[in-house]
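Architecture at a glance
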Amino acid sequence: MDPEALRKYSALHPKPAGLALQYGTAGFRTAAQHLDHVMFRMGLLAVLRARAVPATIGVMVTASHNPEEDNGIKLVDPLGEMLHPSWEEYATQLANAEEQDLQKVITEICQKAAVNLHKDALVFLGRDTRPSSEKLSQSVIDGILVLGGQYHDYGLVTTPQLHYMVCCQNTQGQYGKATLEGYYEKLSKAFVELIKQGESSLCPFFPCAKSHSSGESQRHLKVDCANGIGALKLSEMKPYFPQELLIHIYNDGTKEKLNHLCGADFVKVHQKPPVGLDMKPNERCCSFDGDADRIVYYYKDATGHFHLIDGDKIATLISIFLKELLAKVRQNFKMAVVQTAYANGSSTRYLEETLKVPVHCVKTGVKHLHHKAQEFDVGVYFEANGHGTVLFSKAAETKIRQLVKEEKDDEKREAAKVLENMIDLINQTVGDAISDMLVIEAILALKGLTVQQWDGIYTDLPNRLLKVQVADRRVIDTTDAERRAVTPPGLQEKIDALVKKYKLSRAFVRPSGTEDVVRIYAEADTQENADALAHEVSLAVYHLAGGKGAPPQP
Ligand code: G16
């Protein structure tokens, strides 16, 4: 490390006085103008991490679902997973170090994490379409270079595409080719194979598949791309899709602002369609978020009523499909679903009681869900907001591929083939809107399901998500996978008392790790009751946790 170069470059990326940020649910996130120093320093950290592992590390410049004016950065570990929690702490220390202490903090990290400064370091870089992203990723590059690292800049990519590239690189191509073409080819090949299997007489499991794929209306899918990177990448991928899937892109970023009144987060929170997407009754539609790692589906029925199909129903559809196939390959694979406190009570009940699949609840943040899902042969994880994927253990994947090659029993072999294609279609590194969309489209086509039939698997309990601004959201501390508040004193007692007023009700509060707000979730027997409960809880937060501005209005 050249201390002089470090001093010189760090002075070009000064830390605003008094600013302290924390590596949150998905990295650092705040107004873009406050992030230049963080970007430079995360370039430094990525090099240290790459040397410590040692392996290629990813850096994604994005603030995902946040407003266009925000930005952020997510670090990606070698197999495409989120940065290891022990390094989140280093990230926070480095981001908040005063300029004169920077070198000392780097030396401390090197000592604690046994970083060999003489090793090569390669960092993969990607960014979303925010106006601030290009300049901020240049600051990351400055940080990488000053510590003697090398980088490959993928430029504009979705977050999951960058995770995929990192995994391909570190598995020496076993996971796929570390190029966009490699990603498009891998996913589209698996998708086409699955659709073909549905139409093949050799594969008897999908009697309704043929009639589904020949139905003209079933071939169309309207996709709201949140005016973000998803639009660019989905258009690039379109030529790879077969005739059975006709994608129509809306909110492509040419006219409106990123995430403004559209995108997966908007649709989920407001439980209404995005602007800019003209929805006819019973048409299948979906929304990506700003960096295309989340997806939710929806449609409008003949009476004009809006139906949201969120991450819980996506997890349910995938679980039903996989469970049927796993029964056919008869390998006693352990399957489970991982959710968070936001999961609708009806989804948990359906999964546990009807489908008989074990369900686990963990803290918000895909990093927590991913970690838990790794404990099973087949771990399906989804946040209600549409962020999720499926993980197959190495042992399960190897067995499935072996059955495809060697199994004599036709039924077992064909089921294994479907599973093999699912493994290739699913981006196992992280939730991926494009990959999830194709998984869902394949399942609907193979099972011959319409969006309404999918929606009808169970009925969501009415629910409401709200946000409240407080002076310092860290005053709220939670336990039991964020389902109970430990501080401030009296808050949980108040919530418990409010919940008792309504039938089938549940509510919790937690500080967001991506926005400066406290999130409130409530569900109850009717929408009016869910709304009323959420409002009363938001007032409790406002009064007991130092609310800012005017009290929340109903
Ligand atoms: C990120 C995380 C998600 C999380 C979401 C909201 O999503 O990756 O796991 O659910 O933030 O987190 P919070 O409630 O803490 O603000 P994204 O799509 O914005 O990167």
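Fair warning: this is a prediction, and the values are worked out from it, not measured in the lab. (Residues numbered from 1 in each chain as written. Predicted model: local features only at pLDDT ≥ 70, side-chain atom pairs only at ≥ 80, totals over all residues.)

1. Here's the deal with the UniProt feature "coiled-coil region" (unreviewed entry) in the protein chain
As annotated in UniProt, the feature "coiled-coil region" (unreviewed entry) corresponds to residues 401-428 in the numbering used here. Measuring from the first to the last C-alpha atom of residues 401-428 gives 16 Å, for a span that is 79% helix and 0% strand. (UniProt positions renumbered as here; feature names shortened; annotations may be inferred. Helix = DSSP H or I, 4+ residues; strand = E, 2+ residues; numbered from the N terminus.)

2. Considerations on the UniProt feature "domain: Phosphoacetylglucosamine mutase AMG1" (unreviewed entry) in the protein chain
Per the UniProt annotation, the sites labelled "domain: Phosphoacetylglucosamine mutase AMG1" (unreviewed entry) are residues 220-296 and 310-448. The span residues 220-296 carries 22% helix and 21% strand; its end-to-end C-alpha distance comes to 16 Å.

3. Things to note about unusual backbone geometry
Along the chain, Val53 connects to Pro54 via a cis peptide bond; the corresponding omega equals -15°. Tracing the chain through its elements places Pro54 in the loop between α2 (36-52) and β2 (57-61). The residue after Thr487, namely Pro488, is reached through a cis peptide bond having omega -5°. For Leu261, which is not glycine, the phi dihedral falls at a positive 60°. Tracing the chain through its elements places Leu261 in the loop between β7 (246-250) and α10 (263-270). Judged by C-beta crowding, with 17 C-beta atoms within 10 Å, Leu261 ranks as partly exposed. Phi angles above zero are rare outside glycine, and Gln271 is one such case at about 50°. Considering the arrangement of structural elements, one finds Gln271 in the loop between α10 and β8 (285-288). (Buried ≥ 20, exposed ≤ 12 C-beta atoms within 10 Å, placed from the backbone.)

4. Here's the deal with the sheet that holds strand β4 (residues 122-127)
Whenever strands of a sheet pair, they do so through backbone hydrogen bonds, lying parallel or antiparallel. In spatial order, the strands read β1-β3-β2-β4-β5; together these 5 strands make up an open sheet with mixed pairing. Two strands close off the open sheet at either side, each with one partner strand: β1 (28-31) and β5 (150-156). Adjacent strand axes in the sheet meet at a mean angle of 15° when their direction is disregarded. By the bridge criterion, 4 bridges tie β1 to strand β3 (residues 70-76) in an arrangement that is antiparallel. When the sheet's bridge partners are listed, Arg29 is paired in β3 with Gly72. On the sheet, helix α5 (residues 133-146) packs against β2, β3, β4 and β5 and is oriented at approximately 170° with respect to β4. (Pairing = 2+ DSSP bridges. Axes fitted to C-alpha atoms, helices over the stretch in contact; angles between N-to-C directions. Contact = placed C-beta atoms within 7 Å.)

5. Things to note about the sheet that holds strand β15 (residues 463-468)
Ordered in space as β15-β19-β18, the 3 strands form an open sheet in which the pairing is antiparallel. Here the strands that pair on one side only, and so sit at the sheet edges, are β15 and β18 (506-511). On average, each strand axis in the sheet is inclined to that of its neighbour by 15°, with strand direction left out of account. Note that β18 and strand β19 (residues 518-523) share 6 bridges and pair antiparallel. Across the sheet, residue Phe508 finds its bridge partner in β19, namely Tyr521.

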